[in-house]
Amino acid sequence: MFLFSKKSSSEITSKIEQTVNQETVDWTSVFEICKLVSQNKSGAKEARKLLQKKMMDNNPRIQMTSLEIMNALIENDWRTMQAEVTAKSFGEDLCRLASSKSIDPAVMVKLAESLDGWIVRYQGVSKTEALVKAQEEIVKQATMPRRGIRQSLEQPEVNIREMIEVAKNSAQVLSQTLSFTDPTKEDISKNTLIQVRILCKM
């Protein structure tokens with residue numbers, strides 16, 4: 001019988017804090033987080049609560065990395081994350097994030113991309129009302145004139161709908177790449193396809 005480690009619990013928080021505060025996404029660390037969560041009985045809840053908090057941070061980079069980690073956790077073991085992703089409080093916070101007048105356009109796109117994937121993943125096997133509500137809020141915001149962080153710097157207005165489509169395609173490529181990648185045998189951050197994805201986003 002597999003024994004869950006209590007030590008992993010504090011390691012999850014420590015590793016997430018370390019990862020979200022880096023300048024770029026460290027995929028090796030992300031995979032380590034996935035491993036720690038899978039080894040701890042309450043790991044999924046601990047990770048979700050902390051990532052939920054980080055998604056509400058005012059720093060777009062931290063928000064983006066938090067969404068990336070959550071996506072990786074779901075890709076790694078969607079069943080373990082099911083109750084957490086569909087939790088009412090999680091959906092409510094995402095709805096607040098989507099309706100924020102100061103949300104960075106890139107974060108909005110990443111959130112839309114993530115919600116789309118989560119709803120498709122869990123629809124039919126779990127309640128997704130909270131996620132759908134957050135998604136509807138994004139659609140609502142996308143049809144309204146808004147001045148986010150980038151707009152306040154007088155940059156061209158972002159076409160949210162077009163960016164969402166690009167983000168979805170990018171996510172599919174990344175998902176396929178990760179499914180054939182073993183972090184124990186190679187440096188994930190140096191994977192050719194991942195590097196191409198990063199360059200395309202620059």
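Residues numbered from 1 in each chain as written. Predicted model: local features only at pLDDT ≥ 70, side-chain atom pairs only at ≥ 80, totals over all residues. Heavy atoms only, no water.

In the annotation of an unreviewed UniProt entry, the chain is listed under the name VHS domain-containing protein and assigned to Rhizopus microsporus var. microsporus.

Draft legend 1. Local environment of the overall build of the chain. Check the secondary structure of the chain and you find eleven helices and zero strands. For the chain, the succession of helices and strands along the chain, N to C, is α-α-α-α-α-α-α-α-α-α-α. For the chain, the proportion of its 202 residues judged to be buried stands at 44%. Of the contacts formed within the chain by residues at least 6 apart in sequence, a portion of 72% connects residues at least 24 apart. When the accessible surface of the chain is split by element, carbon and sulfur atoms take 53% of a total near 11400 Å². (Helix = DSSP H or I, 4+ residues; strand = E, 2+ residues; numbered from the N terminus. Buried < 20%, exposed > 50% of the residue type's maximum accessible area, 1.4 Å probe, protein only. Contact = heavy atoms within 4.5 Å. Areas by Shrake-Rupley, 256 points an atom, 1.4 Å probe, with all protein chains shown as cover.)

Draft legend 2. Spatial organisation of helix α6 (residues 88-99). Given a rise of 1.5 Å per residue, twelve residues ought to cover 16 Å, and the 17 Å separating the end C-alpha atoms of α6 matches this to within 8%. Contacts made by the buried residues of α6 are with α3 (43-55), α4 (60-76), α5 (78-85), α7 (105-122) and α8 (129-142). (Expected span 1.5 Å × (residues − 1).)

Draft legend 3. Fine view of empty space enclosed by the protein. Applying the stated criterion to the full structure yields one cavity of 30 Å³ or more. Roughly 40 Å³ of volume is contained in the largest cavity. In terms of lining, the largest cavity is formed by Cys34, Val37, Ser38, Leu73, Asn76, Asp77, Thr80 and Met81. Counting only elements with at least two residues in the lining of the largest cavity, the list comes to α2 (27-38), α4 and α5. The biggest single contributor to the lining of the largest cavity is α2, with three residues. Grouping the constituent residues of the lining of the largest cavity by class yields four nonpolar, three polar and one charged. (1 Å grid on protein atoms, 1.4 Å probe; cavity = no way out; pocket = protein on both sides within 12 Å on 5 of 7 lines; lining within 4 Å. Points joined across faces, edges and corners; volume = space filled by probe spheres on them. Nonpolar A, V, L, I, M, F, W, Y, C, P; charged D, E, K, R; others polar.)

Draft legend 4. Broad picture of the nonpolar core. With 41 residues, the main nonpolar core has Met70, Leu73, Val85, Phe90, Leu94 and Trp118 as its most contacted residues. Mapped onto this core, the elements with two or more residues apiece are α1 (7-20), α2, α3, α4, α5, α6, α7 and α8. Among the elements that line this core, the one with the most residues is α7, at eight residues. Other than its neighbours up to four places away in sequence, Leu94 contacts Met55, Leu111, Leu115, Trp118, Leu131 and Ala134. (Core = buried A, V, L, I, M, F, W, Y, C linked by side-chain atoms within 4.5 Å.)

Draft legend 5. Focus on the environment of Thr65. For Thr65, the position within the fold is in helix α4. With relative accessibility at 2%, the residue Thr65 sits in the buried group. For the pair formed by Thr65 and Glu23, sequence separation is 42 residues and the distance between their alpha carbons is 9.4 Å.

Draft legend 6. Looking closely at the confidence of the model for the chain. On average, the chain scores 79 in pLDDT, and the residues at 70 or more come to 66%. Low pLDDT, under 50, characterises residues 1-5; the predicted model gives this stretch seven contacts beyond four residues in sequence or across chains. Below pLDDT 50 for its whole length, residues 147-158 participates in 20 contacts with residues either more than four positions away or in separate chains. (pLDDT = per-residue confidence, 0-100.)

Draft legend 7. Spatial organisation of the packing of α4 against α7. Close contact between α4 and α7 brings their axes to 10 Å; oriented N to C, the two are set at 15°. Taken together, the axes of α4 and α7 are roughly parallel relative to one another. In this structure, α4 meets α7 at a crossing whose hand is left-handed. Along its contact with α4, which presents Pro60, Gln63, Met64, Leu67, Glu68, Met70, Asn71, Ile74 and Glu75, the element α7 presents Ala106, Val107, Lys110, Leu111, Ser114, Trp118, Arg121 and Tyr122. Classifying every residue of the contact of α4 with α7 gives ten nonpolar, three polar and four charged. (Axes fitted to C-alpha atoms, helices over the stretch in contact; angles between N-to-C directions. Parallel < 35°, antiparallel > 145°, perpendicular 65-115°, else oblique. Left-handed = near helix turned anticlockwise from the far one by under 90°.)

Draft legend 8. Structural view of the side chain of Lys54. On the secondary structure map, Lys54 appears in helix α3. Here Lys54 is in contact with Glu17, Val20, Ile62, Gln63 and Ser66, once residues within four sequence places are set aside.

Draft legend 9. The packing of aromatic side chains, seen in detail. Applying the stated criterion across every chain, the model contains two aromatic pairs. Look at Trp78 and Tyr122: their rings are 5.9 Å apart centre to centre, the planes differ by 55°, and that puts the pair in the tilted class. You can see Trp78 sitting in helix α5 and its partner Tyr122 sitting in helix α7, a full 44 residues away along the chain. On the numbers, 5.7 Å between centres and 40° between planes, the contact of Phe90 with Trp118 is tilted. Placement of Phe90 in helix α6 and of Trp118 in helix α7 is noted, with a sequence separation of 28 residues between them. Each member of the pair, Phe90 as well as Trp118, carries the same accessibility label: buried. (Phe/Tyr/Trp six-rings, centres within 6.5 Å; stacked < 30°, edge-to-face > 60°.)

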